[in-house]
Amino acid sequence: MIGIVVVAHSRPLAEAAVAFAREMPDASRVPMVVAAGLDDATYGTDAGAIAEAIQRVDGPAGVLLLMDLGSAVMSAELALELVDDEVRQRVRLCPAPLVEGLVVAAAAAAAGQSLDAVAAQAIDALAAKMPTETTEGDRGSAQAVFDVRNEHGLHLRPASKLVALVLDFRADVRIRDLTTGAGPVSAASLSRVTGIGAGQGHRLEVSASGPDAADAVAAVAALAERDFDDVADQPSSGSVSGGVLAASPGVAVGPLWTPVRPTPRASSRPAGDPAAEWRLLTDAVAAVRAETMRRRDQVEREVGPGQADIFGAHLLLLEDMELLAEARRQLDAGRTAEVAWDAAVQLMSEEFGALSDEYQRARAADVRAVGDQVLRQLIGEPGVFPSQTGILAADELSPEEVSGLDPDVVTGIVLASGSPTAHSAILARAKGIPMVVGAGSAILGVEAGTMVAMDGGSGELVIDPRAETLASFVWRAGKHDSERAEAAARADEPARTADGVGVEVAANVGAVADAALAESAGADAIGLVRTEFLFLGRTKPPTIDEQEATYRGIAETFGGRRITLRTLDIGADKPLSYLPSVPEANPFLGLRGIRLALAQPKLLRDQITAIRRVAADHVVDLMFPMVSTVDELQAAVAVVGDDRPAGLRIGVMVEVPSAALNAAALAPLVDFFSIGTNDLTQYALAAERGNPAVAALADPFDPAVLRLVDLVVRAAGDRMSVSVCGEMAADESAVPLLIGLGIRELSVAPVAVATIKQAVRATDAKDAKLRARRALSLPHARAVRELF
């Protein structure tokens, strides 16, 4: 009987597909094995594992190798080179749809059909699902045109969102720049998409062919309409001092040091068999991919998801089909894995460097960074260097290197080249390390230990400063450091204003590990647990027991103090693969938050059951997200029921203007309000904060937003507490304003707890109240900021 090997990037997905296929009549007799993922949690494909799977199910009838997408095809092709010639002749590569193709193949194999017949039926498995009303001429093809509005064009991050999107469709998607005539290129290749150099204002055409062509084109058009979900990443200051560019604000003084980080060089060893060299390369890529995922998760926990997206782009580079194909061509020409990879990276880097847009040229550094990581893995060199005391000087730094720096040790960064828009600069700003770039190669020749003074907000850089200049910088840096040190020393103390008003400073967390960070940071409570981390990146929802164990772990890690569990906030930019979904013209105004939860009642009931179990013996608040009407809240509260645990409080997130305007009607149904100023601001001002073209409009200091906050506080009265858990809560300059409006709980990232507590202590609540009343009548956000 024919054996089947399922090659996919996700092991849980492949195993689920096999389990489903075994339900077909007699399919349990068909040998089916999975060669998917690098482990249970890491996406990827491994040629060696595929070759072993082929050997397990090989027999006289042959083996069907069913592949999902992208690098799975290349891994499968390599696997054939790793098996004997006799076995190879009995294997058929089959790029069929994973679920439908496997089901049909299992049924056909069980019926005793030939290998070629089984492969043909698997490939044709989608025919029954195709619309019958379309004609033969227009079936399976579609196209659309859109304009690129992103300030820096279709650079690495928006391009990576595009590539990740099209890989989910069974279609060949192509992109062409109608403005310049570049292309068409495959939208599944990050290097090709960015390589066309599409700038702001360029008109692009997306076309597709295949079973999902129409859906793919519609999804790309919707993504383009959202400006590719790109996060504004401009430097905090654009000021320049003598050619040096400000990249990350802050003042630093200290001895200069340069990391010991020799440029990795490909060894001169003789090349082995191309298949063996390919295995070395794919193993190295897999190892770097696993480390990059670890870094991404760390940055998301410590800094935020926007900065973690940087590593998502690097992950796509590691899977780029054009990059891997070029490396494979170099291997076939008789080169070693190291030389082949280095040549492929150099070629792609040169393509980026030749682009006309400065921002996109800066992405060449990301290509080199990813290339160096893999090369170091191949030659066995360490990929990171330890932090040293003082100001780090280097030509460039990769995001991985910046993410590994200790901000308590590294007081500043000076780069000879680089760009304020580079990903390394974005991470430096997020970690609070002052940085300047563009200092020139001369900085690399400065003797180690030389005193340097710098201001990452103004671009000032002074090498070996005179005594009076040094004293000025030392005072400026010392003032900042002493304020930060005092805040850290008092982090565990309650926060009370100068005139004695208590304000609770809680933490926002998105994983069990974050609860430990919140505990050590001195958080008074956990004001927001983003429970969707439990539901994302898997093929089926977590069970009630899984959820209970996780929520209980957070509560116990936080020492039994209050935790606030927000029910599933999914939809818009956070879809779930195992829930039915349809393309939405504007998903941020569509089925998301509580709307989606109510549309999936079992999902909501299971989560509330798990929360109730934990609330039976821990201090737990339950909070519903994205509520816009009284009816929605009533339906959600009804799921909780009347026989709730005695200490379980129910709250609502105020994130849309209707909830703020209806706060008086919502108040009798709940025990507390939590204001999400990020969404409230963007909905009130009709300005998506992730859209660079309008991000400046999305200012939470706008009087319109403040009036909505004031309505919520007034509706709560003395009966209910009102907290703020958006980014505004972590803005020190906003603390007096929020306290003046009546907010008595601020929930922020764990790293911001200490400084926000200090901002509370520096506030006079009576004065803040007077200024907040004035702010409500001011004409614009700029005036409010000046007032505070």
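Structure's up top.
Cut-offs applied
In this numbering scheme, every chain counts its residues from 1 along its sequence in written order. Given that the model is predicted, a residue must reach a pLDDT of at least 70 before its local features are reported, and side-chain atom pairs must reach 80 or more before they are shown or counted; all residues, however, enter totals for whole chains, interfaces and linings. The basis for the side-chain values is all heavy atoms of the structure; hydrogens and waters are excluded. Runs of E in the DSSP output that reach at least two residues are strands. Runs of H or I that reach at least four are helices, and both are numbered from the N terminus. Expected span of a helix, by definition, is 1.5 Å for each gap between consecutive residues, and there is one gap fewer than residues. A contact between two residues is defined here by any heavy atoms of the two lying within 4.5 Å. Here, axes are lines fitted to C-alpha atoms. For helices the fit covers the stretch in contact, and angles between N-to-C directions go from 0 to 180 degrees. Oblique is the label for any angle not under 35 degrees, not over 145, and not in the 65 to 115 range, which are roughly parallel, roughly antiparallel and roughly perpendicular in turn. By convention, the crossing between two helices is left-handed when the near helix turns anticlockwise from the far helix through less than a right angle, and right-handed when the turn is clockwise. Note on terminology: a nonpolar core comprises buried Ala, Val, Leu, Ile, Met, Phe, Trp, Tyr and Cys residues joined through side-chain atoms within 4.5 Å. Summary of the burial criterion: residues with accessible area below 20% of their type's maximum are buried, those above 50% are exposed, and those between are partly exposed, where the area comes from a 1.4 Å probe applied to protein chains only. Between rings of Phe, Tyr and Trp, where Trp is taken as its six-membered ring, a pair exists when centres lie within 6.5 Å; planes separated by under 30 degrees are stacked, by over 60 edge-to-face, and by other angles tilted. Both a distance and an angle decide whether a charge sits over a ring: NZ of Lys or CZ of Arg must be within 6 Å of the ring centre and within 35 degrees of the ring normal. Under this definition, polar contacts are N or O atom pairs within 3.5 Å; protein pairs additionally need one hydrogen-donor-capable and one acceptor-capable atom, and for neighbouring residues in sequence, both atoms have to be side-chain atoms. A pair of strands is considered paired only if DSSP assigns at least 2 bridges between the two.

Caption draft 1: Summary view of helix 18 (residues 467-489). The end-to-end C-alpha separation of helix 18 is 31 Å, in line with the 33 Å expected for 23 residues at 1.5 Å each. Where helix 18 is buried, its residues touch strand 11 (251-257), strand 15 (451-455), strand 16 (460-463) and helix 29 (753-761).

Caption draft 2: Molecular detail of the packing of helix 22 (residues 601-615) against helix 23 (residues 630-640). Two elements in contact, helix 22 and helix 23, have axes whose closest approach is 9 Å; the angle formed by their N-to-C orientations is 55°. With respect to helix 23, the axis of helix 22 lies oblique. For helix 22 against helix 23, the interelement crossing comes out right-handed. Of the residues in helix 23, those touching helix 22 at Leu604, Arg605, Ile608 and Arg612 are Ala636, Val639 and Val640.

Caption draft 3: Broad picture of the nonpolar core. Counting 95 residues, the largest nonpolar core has Phe624, Phe673, Ile675, Leu737, Ile743 and Leu746 as its most contacted members. By size, the runner-up hydrophobic cluster in this structure holds 28 residues, among which are Ala14, Leu102, Ala108 and Val118.

Caption draft 4: A look at the packing of helix 20 (residues 544-557) against helix 22. At their nearest, the axes of helix 20 and helix 22 sit 8 Å apart, and the two run at 40° to each other. By the angle class used here, helix 20 and helix 22 are oblique. Two packed elements cross with a definite hand, and for helix 20 against helix 22 that hand is right-handed. Of the residues in helix 22, those in contact with Ile544, Asp545, Gln547, Glu548, Tyr551, Arg552 and Ala555 of helix 20 are Asp606, Gln607, Thr609, Ala610, Ile611, Arg613 and Val614.

Caption draft 5: Representation of the packing of aromatic side chains within the structure. Enumeration over the complete set of coordinates arrives at one aromatic pair. In this structure, Arg328 packs its charged tip against the face of Trp278, placed 5.1 Å from the ring centre. Positioned over the ring face of Phe558 is Arg561, at 4.2 Å from the centre of the ring.

Caption draft 6: Representation of the side chain of Thr282 within the structure. Following the sequence through the fold, Thr282 ends up in helix 10 (residues 274-302). For Thr282, a relative accessible area of 16% puts it in the buried group. A distance of 3.0 Å separates the side chain of Thr282 from the backbone oxygen of Arg279, its partner in a polar contact.

Caption draft 7: Molecular detail of the environment of Glu77. Among the structural elements, Glu77 can be located in helix 3 (residues 71-81). When the C-alpha positions of Glu77 and Leu65 are compared, they lie 10.0 Å apart, and in sequence the two are twelve residues distant.

Caption draft 8: Local environment of the sheet that holds strand 3 (residues 63-67). In spatial order, the strands read 2-1-3-4; together these four strands make up an open sheet with parallel pairing. Where the open sheet ends on each side, the last strands, each with one partner, are strand 2 (32-36) and strand 4 (91-94). Each neighbouring strand pair of the sheet contributes to a mean axis angle of 20°, computed without reference to strand direction. Both strand 1 (residues 3-8) and strand 3 contribute to a ladder of five bridges, which runs parallel. Residue pairing across strands places Gly3 opposite Val63, the latter belonging to strand 3. Sitting on the sheet, helix 1 (residues 11-21) is in contact with strand 1 and strand 2, with an inclination near 165° to strand 2. Packed onto the sheet, helix 5 (residues 98-110) meets strand 1, strand 2 and strand 3 and runs at close to 175° relative to strand 1.

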